[in-house]
Amino acid sequence: MTIPRVSFAILFAIISIGILSPRINAKVLEVKVVNDDRKIVLVARPYQFTQSGVIELHINNDKVFLPEGSHFEEEGKSKFGFFMTTAAAVTGLEMDLSKGACVLDDPNIEPLFTFRDLALHRNVDGSEWTFDYMKRISTEKAGEYTLYFANCYPKAVVSFTARVSLYNEGSLDGRIE
């Protein structure tokens, strides 16, 4: 039995495309948090960043609701924020929570930004207020991280929408839109 040459050509083309194509290593997701009072909210599951890793966050529709009669100082906005952490540091976060401490003060996390930063550095995107954030992972910080949001303000409820892009730049890795 003879296999036609066309089949070999097609097989060769498919293998060549698979070998020569750049590998895409990215995670893009949209997260909506609505009227949430949890102290810690999982935003993105673990992602393996290389020394060329990048995290981008686009935040909009952020709101903080406090119990009636509560007074909210401008400094209070620093009690709400995004951070990354490794699996090894999660135990420390659990201990912080059990003691009533704010996880944003934990030295083992990688803080990204707080709602205070949102208020100070807003940009206008059409008729909607938004906040854009980007961080490049340094070579010594490469590794697997999980992205969280922390609410350290007593009895506060938060809402926001986050578009999260996690990716590794480089010749074999790329960003997808």
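Up top is the structure these notes are about.
Residues numbered from 1 in each chain as written. Predicted model: local features only at pLDDT ≥ 70, side-chain atom pairs only at ≥ 80, totals over all residues. Heavy atoms only, no water.

### Overview of the pairing of strand β8 (residues 143-151)
Remember that side chains alternate between the two faces of the sheet whenever the strand is regular. With 8 of 9 residues buried, β8 lies mostly within the body of the structure. The sheet contact formed by strand β2 (residues 40-49) and β8 spans 7 bridges and is antiparallel. Pairing of Ala-44 across the sheet is with Leu-147, part of β8. (Buried < 20%, exposed > 50% of the residue type's maximum accessible area, 1.4 Å probe, protein only. Helix = DSSP H or I, 4+ residues; strand = E, 2+ residues; numbered from the N terminus. Pairing = 2+ DSSP bridges.)

### Some details on the sheet that holds β8
Spatially, 4 strands are ordered β2-β8-β4-β5 in an open sheet, and the strand pairing comes out antiparallel. Lying at the two open borders of the sheet, with one neighbouring strand each, are β2 and β5 (110-114). Each adjacent strand pair in this sheet contributes to an overall mean axis angle of 20°, direction not counted. Seen against the sheet, helix α2 (residues 90-99) touches β2, β4 (80-85) and β8 and runs at an angle of roughly 150° to β4. (Axes fitted to C-alpha atoms, helices over the stretch in contact; angles between N-to-C directions. Contact = heavy atoms within 4.5 Å.)

### Concerning the pattern of salt bridges
With the rule as written, the count across this model stands at 4 salt bridges. Close ionic contact of Glu-110 with Lys-135 constitutes a salt bridge, the shortest N to O distance being 3.1 Å. Separated by 25 residues along the polypeptide, Glu-110 in strand β5 and Lys-135 in strand β7 (residues 128-136) bring together distant segments of the chain. By the burial criterion, Glu-110 is buried, and Lys-135 matches it. (Salt bridge = Lys/Arg side-chain N within 4 Å of Asp/Glu carboxyl O.)

### Describing the state of the cysteines
One pass over the full model with this rule turns up 1 disulfide. The disulfide partner of Cys-102 is Cys-152, and the gap between their sulfur atoms is 2.1 Å. Measuring handedness by torsion sign, the sulfur bridge of Cys-102 and Cys-152 sits at about 80° and is right-handed. One end of the pair, Cys-102, is in the loop between α2 and β5; the other, Cys-152, is in the loop between β8 and β9 (157-168), with 50 residues separating them in the sequence. Looking at Cys-102, the relative accessible area reads 11%, which means it is buried. (Disulfide = S-S within 2.5 Å.)

In short, the description is geometric, and any link to function would need to be established separately.
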